[in-house]
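# A closer look at the structure
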Amino acid sequence: QVQLVESGGGLVQAGGSLRLSCVASGRSFSGYAMGWFRQAPGKEREFVAGISWTGAPSYYADSVKGRFTISREDAKITVWLQMNSLKPEDTAVYYCAAETHRYGSGHGPNGFGSWGQGTQVTVSS
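This structure is a prediction, so every number in the text was calculated from the model and none was measured. In this convention, every chain numbers its residues from 1, walking through the sequence in written order. Local features in a predicted model are, by the rule used here, given only for residues with pLDDT of at least 70; side-chain atom pairs are given and counted only at 80 or more, and totals for whole chains, interfaces and linings are based on all residues. As a rule here, side-chain values cover all heavy atoms of the structure and leave hydrogens and water aside.

## So, the packing of aromatic side chains
Note the threshold: Aromatic rings from Phe, Tyr and Trp, taking only the six-membered ring of Trp, are treated as a pair when their centres fall within 6.5 Å; an angle between ring planes under 30 degrees marks them as stacked, one over 60 as edge-to-face, and anything in between as tilted. Counting from the N terminus, the helices are the DSSP runs of H or I reaching at least four residues and the strands are the DSSP runs of E reaching at least two. Per-residue accessibility, obtained with a 1.4 Å probe over protein chains only, is compared with the maximum for each type, and a residue is labelled buried under 20%, exposed over 50%, and partly exposed between these values.
What the rule picks out here adds up to four aromatic pairs. When the centroid spacing of 5.5 Å and the interplanar angle of 80° are considered together, the rings of F37 and F47 count as edge-to-face. A residue pair is termed long-range when its members are at least 10 positions apart, and F37 in strand β4 (residues 34-39) and F47 in strand β5 (residues 46-51) qualify at 10 residues. When its relative accessible area of 4% is taken as the criterion, F37 is described as buried. Ring centres 4.8 Å apart and planes at 70° place the aromatic pair W53 and Y103 in the edge-to-face group. Placement of W53 in the loop between β5 and β6 (58-60) and of Y103 in the loop between β9 (92-99) and β10 (112-115) is noted, with a sequence separation of 50 residues between them. You can call W53 partly exposed: its relative accessible area is 32%.

## Here we look at the nonpolar core
For clarity, the cut-off: The set of buried Ala, Val, Leu, Ile, Met, Phe, Trp, Tyr and Cys residues whose side-chain atoms join them within 4.5 Å is what this entry labels a nonpolar core.
Ranked by internal contacts, the top residues of the largest apolar core, which has 29 residues, are W36, V79, L81, M83 and Y94. Elements that contribute at least two residues to this core include exactly β1 (2-7), β3 (18-26), β4, β5, β7 (68-73), β8 (78-83), β9 and β11 (119-124).

## Description of the state of the cysteines
Rule in force here: Any two cysteine sulfur atoms within 2.5 Å of one another count as a disulfide.
On inspection of all chains with the given rule, the structure shows one disulfide. Residue pairing for C22: its cysteine sulfur links by disulfide to C96, the two sulfurs lying 2.1 Å apart. Looking down the S-S bond of the C22 and C96 bridge, the torsion is -80°, so its handedness is left-handed. Within this pair, whereas C22 is found in strand β3, its partner C96 is found in strand β9, the two being separated by 74 residues in sequence. By relative accessible area, which is 0% here, C96 ends up buried.

## Focus on the side chain of D90
Quick reminder of the rule: Whenever a nitrogen or oxygen atom comes within 3.5 Å of another N or O atom, the pair is scored as a polar contact, on the condition that within protein one atom can donate a hydrogen and the other can accept it, and that pairs from neighbouring residues in sequence are kept only if both atoms are in side chains. Throughout, a residue-residue contact means that at least one pair of heavy atoms, one from each residue, lies within 4.5 Å.
Tracing the chain through its elements places D90 in the loop between β8 and β9. A polar contact of 2.9 Å, which involves the side chain of D90, links it to the side chain of R38. Of the polar contacts made by the side chain of D90, one reaches the side chain of R67; its length is 2.8 Å. Every residue in contact with D90, bar those within four places of it in the chain, is listed here: R38, R67, F68, S85, V121 and V123.

Right under this line is the structure:
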């Protein structure tokens, strides 16, 4: 089982940027596709972005395409989510996730079995 710890959330004005980080420990990080999900109050958790175990390709929800970028560096056992042009509707708790089986695509939303504790992102209008 891999342990995931997110950081980088906070309060930002609309149009601003944040960079979320997720550091893994425990099980091997390399060989596993990674993803980011979010859950807003009163809503179900939704897939935001995913990245293949090789680092490419990456996948995005339509609502964040062109604004968010997912990346990873296995040597640092870290995956990032760069969020630009933030909107109030991006407000949510953001979760890092790892796929359960090796060599996956990260396409989402299924296949992810390990989760971090989440980091709050709040975008004010």
